[in-house]
Amino acid sequence: MRILLDKFTKKFGLTTVIDQMDLEIHHGEMIALLGGSGCGKSTTLFAICGIHKINGGRILFGDKDMTNVASQDRNVGMVFQSFALYPHMTVEKNIGFPLKLRKESTNEIKRKVDEIAEMVHIELLLDRRPGELSGGQQQRVALARALIRRPDVLLLDEPLANLDASLRLEMRSEIRRIQQETGITAVLVTHDQTEAMSMCDRIAIMDAGKIVQITEPKNMYENPVSKFVAGFLGSPPIAFLNGRIENGSFIEPSTGTKLPVAEKIAKRVNGANVCVGIRAEFFQPGSGTTIKGIVSFVESHGREILYNVTLPGGNILRSIQSGQSGAKIGDHVEWGINTDHMLIFDSEGTRI
Amino acid sequence: MTSNYRKWPMTLFLGILTAPLILMYFYLFVDTVTNSPPGSMIPNEWTLEHWRFLWQTLPGKPTIWVATWNTFLFASSTTLIVLFISSAAGYSLSRLNMPGRSFFLGGVMVLHAFPTVTLLIAIFLILQMVGLYNTLTGVILVKASLELPFGIWIMKGFYDTVPWEIEMAGIQDGASRFQVWIQLVLPQVKPGIFSLGIFSFLAGWSEFILPLVLAPNNDVQVLSVYLSSLIFDETNFDMGLFKSIGLFYVIPVIILFLFFQNKLMNIYSGGNQG
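A.B. asks: Which residues make up the overall build of chain A, and what values do they have?
C.D. replies: Scanning chain A for helices and strands turns up nine helices and 20 strands. In terms of overall dimensions, chain A has C-alpha extents of about 75 × 45 × 35 Å along its principal axes. Expressed as a percentage of the 352 residues in chain A, the buried residues total 39%. Across chain A, every contact between residues at least 6 apart in sequence was considered, and the portion connecting residues at least 24 apart equals 67%.

This is the structure:
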């Protein structure tokens, strides 16, 4: 079901946490609300499910105005970071609880619980209590409980944050699989860009109560609208260099290296101070415009190796290489920047 | 656990320190079934005469069974009232954004600190005015209300440890706030309800001053008042009888502890194991 937030405003006391936010979530889509802590992503989630009353604007499910509908009547499924299973009930009772409240018959509940348990692969755990389950299993139970009454929208509040690393990877694809199988509209709140990029159709990146950019993961990675977005996405993080645009090139002040910039951009900001972002995959030996520096840090990721290269002025560039260039800490290197993929931001951090 | 000191000096020291207490309990029991010659501590004959109160009615007193039943009624009624109100009030104070919440929290604290004796005369007058003087109902209501501040505070503490997410999840699943409380939150504070129940029952069982002042009549007498009337009876004071009734009075307490000591120990490790 399509979800629409229309000029949604939320205040806590006198502080306005979210001011007139617009957000449309398409039918069947999985969207990520991505941002650091305190950016308002969880607040948005709680507004959609109705736990927080909103101070302005409207919330629509499909064409129905849900703004003043009680949480209980919204038909929203939610998975919490702590899973919030009911400790005193068995898995079966946990999953069946929403149906029991709707006074569905015992047989009907049993049938639906079995069906959903099979989908999330917990059919053998139905008699256990939450305390006897591993984190991943609890997560599956929480998902099943959220999905059993076919909610209009599934809300996931940092669902992977309490899992250990290997489980996180597994549950990432599991949640995505289940979401796609059920075709349910889903909202994922996370601070982990990898989660957002790998699981969702679109990402809405938030900062200080505003949506800064909303688009597909790949497009957001390649075309961030601001320095903030560019810095948030990507691992290893993007490296920034400060300098000036002169005569069609970006000048790195400490080395004097000239990095050619597209003509259209160069004309617009000639003579201005800018900041360029260079991703680690576009700073490689043997291609592009070379720049000199000293290797200051080497980190093996197994298949790839991450190098930090410190320029004479103190700025750091990152390079991620799959080949064995054999550079060691302290080596003087001269590697090339692929200037076609430079991201240029003005002094306010807005993409040019 | 291995010790890095010799055990026997500590054992001896603690043994000497506890000996009077153990001896007292021992003699309490021995004296109820024996007679000793005057001036001696060594009994010279077995007897059951000190337990005669079980089948005889002592002159001027109610039968022991009426007093026992009254005590049981008194303790269990106060316990039920305290449990019922504390579990509701504790939840409200812990979770509901109600008007005057901080006032109630502070007020409950102050009430808890209030010594019962200072209220005695006022309560006496009130009970007489409403016609509940010399009734079990009256003294039950008074005892329950004096126990409530403690109970509410304890229950609030237990509710505070229940994660908010459980309530949010319940609301999302379609439960009303009342259903959330009854079906989801209350089961998480079972250890609290249990311990509060035991404590209230024991407090009711051993309560003395309130029934003495507010319900002294024979037909509503509880065991503590019954026992004390024996001491005040200076004409025919019977130490053996007094001890036997005392033992009879603590037996339920001991049984309660034997059965529930594990649960009482578990109070603080219980709670939410989700």
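Now that the structure is up, let's keep going.
A.B. asks: How would you summarise the overall build of chain B if you had to cite specific residues and measurements?
C.D. replies: Secondary structure summary: chain B contains eleven helices and two strands in total. Moving toward the C terminus, one meets the helices and strands of chain B in the order α-β-β-α-α-α-α-α-α-α-α-α-α. On C-alpha atoms alone, chain B measures out to a radius of gyration of 24 Å, which is more than a quarter above the 19 Å that the 2.2 N^0.38 rule sets for 274 residues. Burial status across chain B gives 28% buried among its 274 residues. For chain B, contacts bridging at least 24 residues in sequence account for 74% of all contacts bridging at least 6.

A.B. asks: Explain the interface of chain A and chain B residue by residue, including any values.
C.D. replies: Listed as interface residues are 19 residues of chain A and, on the opposing side, 18 residues of chain B. Every element with two or more residues in the side of chain A that touches chain B is listed here: strand E6 (76–79) and helix H2 (91–101) of chain A. In terms of residue count, H2(A) provides more of the side of chain A that touches chain B than any other element does, three residues in total.

A.B. asks: Outline the sheet that holds strand E4 (residues 56–61) of chain A, listing residues and values.
C.D. replies: All names here are of chain A. Pairing is antiparallel in the open sheet, where four strands are placed in the order E2-E1-E4-E5. The open sheet has two edge strands, strand E2 (15–25) and strand E5 (64–65), and neither has a second partner. Sitting on the sheet, helix H1 (residues 41–49) is in contact with strand E1 (3–12), E2 and E4, with an inclination near 115 degrees to E1.

A.B. asks: Could you give an account of the sheet that holds strand E17 (residues 305–310) of chain A, naming the residues involved and the relevant values?
C.D. replies: Residue and element names in this part refer to chain A. The strand order across the open sheet built from five strands is E15-E19-E16-E17-E18, with neighbouring strands paired in antiparallel fashion. Both edges of this open sheet fall to strand E15 (283–284) and strand E18 (316–321), since each of them pairs with a single strand only. Note that E15 and strand E19 (residues 332–337) share two bridges and pair antiparallel. Each residue of the ladder has a partner; that of Phe283, found in E19, is Ile337.

A.B. asks: Explain the environment of A:Leu60 residue by residue, including any values.
C.D. replies: Residues and elements named next belong to chain A. Structurally, Leu60 can be placed in strand E4. We classify Leu60 as partly exposed; it has 16 C-beta atoms within 10 Å. Residues Leu60 and Ile48 lie twelve residues apart in sequence; the distance between their C-alpha atoms is 9.1 Å. Each residue touching Leu60, except ones within four places of it in the same chain, is listed here: Leu4, Asp6, Asp65 and Met66.

A.B. asks: So what's going on with the pairing of E4(A)? Which residues, and what values?
C.D. replies: Residue and element names in this part refer to chain A. Direction of pairing for E1 relative to E4: antiparallel, over a ladder of five bridges. What sits directly across from Leu5, in E4, is Ile59. With two bridges connecting them, E4 and E5 associate as antiparallel partners. Within E5, the position partnered with Phe61 by the bridge is Lys64. Counted between consecutive antiparallel strands, the loop separating E4 from E5 contains two residues, among which Gly62 sits at a positive phi close to 60 degrees.

A.B. asks: Would you mind going over unusual backbone geometry in detail, with residue names and values included?
C.D. replies: Residue and element names in this part refer to chain A. Following Ser235, the chain continues to Pro236 via a peptide bond in cis, the omega torsion being 0 degrees. Turning to its location among the elements, Pro236 is positioned in the loop between helix H8 (227–232) and strand E11 (239–246). Positive phi, close to 50 degrees, is recorded for Lys7, a residue that is not glycine. Position of Lys7 among the secondary structure elements: in strand E1. For Lys7, a count of 12 C-beta atoms within 10 Å translates into the label exposed.

A.B. asks: Tell me what's going on with the packing of helix H2 (residues 64–95) of chain B against helix H5 (residues 136–160) of chain B, and back it up with residues and numbers.
C.D. replies: In a packed pair of helices, the relevant descriptors are the angle between the two axes and the axis-to-axis distance. Residues and elements named next belong to chain B. Relative to each other, H2 and H5 sit at 40 degrees, their axes nearing to 6 Å. Once H2 is placed against H5, the crossing between them reads as right-handed. Taken together, the residues of the contact of H2 with H5 break down into 16 nonpolar, eight polar and five charged.

A.B. asks: Go over the environment of B:Gln128, please, and point to the residues and values.
C.D. replies: With respect to the secondary-structure elements, B:Gln128 resides in helix H4 (residues 116–130). Measuring from C-alpha to C-alpha, the distance between B:Gln128 and B:Met10 comes to 56 Å, with 118 residues separating the pair along the chain.

A.B. asks: Lay out the packing of H2(A) against helix H4 (residues 135–147) of chain A in plain terms, naming residues and giving numbers.
C.D. replies: Residue and element names in this part refer to chain A. At a minimum axis distance of 7 Å, the contact between H2 and H4 shows a crossing angle of 25 degrees. Here H2 lies roughly parallel to H4, going by the angle between them. For the crossing formed where H2 meets H4, the hand is right-handed. Residue-level contacts link Val91, Asn94, Ile95, Phe97 and Pro98 of H2 to Val141, Ala144 and Arg145 of H4. Across the contact of H2 with H4, the residue classes break down as six nonpolar, one polar and one charged.

Definitions and cut-offs
- Residues numbered from 1 in each chain as written.
- Chains lettered and ligands numbered in written order.
- Predicted model: local features only at pLDDT ≥ 70, side-chain atom pairs only at ≥ 80, totals over all residues.
- Helix = DSSP H or I, 4+ residues; strand = E, 2+ residues; numbered from the N terminus.
- Buried ≥ 20, exposed ≤ 12 C-beta atoms within 10 Å, placed from the backbone.
- Contact = placed C-beta atoms within 7 Å.
- Rg over C-alpha atoms; globule rule 2.2 N^0.38 Å.
- Pairing = 2+ DSSP bridges.
- Axes fitted to C-alpha atoms, helices over the stretch in contact; angles between N-to-C directions.
- Left-handed = near helix turned anticlockwise from the far one by under 90°.
- Nonpolar A, V, L, I, M, F, W, Y, C, P; charged D, E, K, R; others polar.
- Parallel < 35°, antiparallel > 145°, perpendicular 65-115°, else oblique.

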